[in-house]
Amino acid sequence: MTAIYTTDPKTKESVTLSELAKRYKLSVSTLSRRHAEGKRGDELVEPFDIRRYNAEQCARAQAAAERKEAILAANSRGLMRPLNHIAEARQ
């Protein structure tokens, strides 16, 4: 596996992700994930904030629940309509 090089936002020198992880006391896997997500510069090395992470996860779960509820509501609306127009068409 080859090393991934990126720019240290403070010193502007090119370093590997593992070296950057040591400098900012972050895990290499965190930096690798952030790099793969396209984050660079300060965004790449910002400290991990568990409260913000939990808030983001709650927001994602809430949005998923709302989407699911909207889909269920849309699917059941058709079943709730009266079928009188079908009976009238047969006469």
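Residues numbered from 1 in each chain as written. Predicted model: local features only at pLDDT ≥ 70, side-chain atom pairs only at ≥ 80, totals over all residues. Heavy atoms only, no water.

Colleague: I'd like a description of the overall build of the chain, backed by residues and values.
Modeller: Across its full length, the chain holds five helices and two strands. Order of helices (α) and strands (β) in the chain, N terminus to C terminus: β-β-α-α-α-α-α. The buried share of the chain, reckoned over its 91 residues, is 18%. Sequence-distant contacts in the chain: of pairs separated by 6 or more residues, those separated by 24 or more amount to 17%. Put simply, the chain shows about 7,500 Å² of open surface, and 55% of that area lies on carbon and sulfur atoms. (Helix = DSSP H or I, 4+ residues; strand = E, 2+ residues; numbered from the N terminus. Buried < 20%, exposed > 50% of the residue type's maximum accessible area, 1.4 Å probe, protein only. Contact = heavy atoms within 4.5 Å. Areas by Shrake-Rupley, 256 points an atom, 1.4 Å probe, with all protein chains shown as cover.)

Colleague: Kindly report on the packing of helix H1 (residues 17–24) against helix H2 (residues 28–36), identifying the contributing residues and their values.
Modeller: Interhelical geometry of H1 versus H2 gives an angle of 120° and a closest axis separation of 9 Å. With respect to each other, H1 and H2 are oriented oblique. Between H1 and H2 lies a crossing of right-handed hand. Counted together, Leu17, Ser18, Leu20 and Ala21 of H1 and Val28, Leu31, Ser32 and His35 of H2 form the full contact between these two elements. Considered class by class, the residues forming the contact of H1 with H2 number five nonpolar, three polar and no charged. (Axes fitted to C-alpha atoms, helices over the stretch in contact; angles between N-to-C directions. Parallel < 35°, antiparallel > 145°, perpendicular 65-115°, else oblique. Left-handed = near helix turned anticlockwise from the far one by under 90°. Nonpolar A, V, L, I, M, F, W, Y, C, P; charged D, E, K, R; others polar.)

Colleague: Talk me through H1; I want residue IDs and the actual numbers.
Modeller: All buried positions along H1 are accounted for by Leu17, Leu20, Ala21 and Tyr24. Mapping the buried residues of H1 onto a view down its axis gives an arc of 105°, with all of them on the same face. Close packing links the buried residues of H1 with strand E1 (5–7), strand E2 (14–16), H2 and helix H3 (42–45). Remark: Lys25 follows H1 within two positions and exhibits a positive phi of approximately 55°. (Arc of directions from axis to C-beta.)

Treat this as a map of the structure, not an account of what it does.
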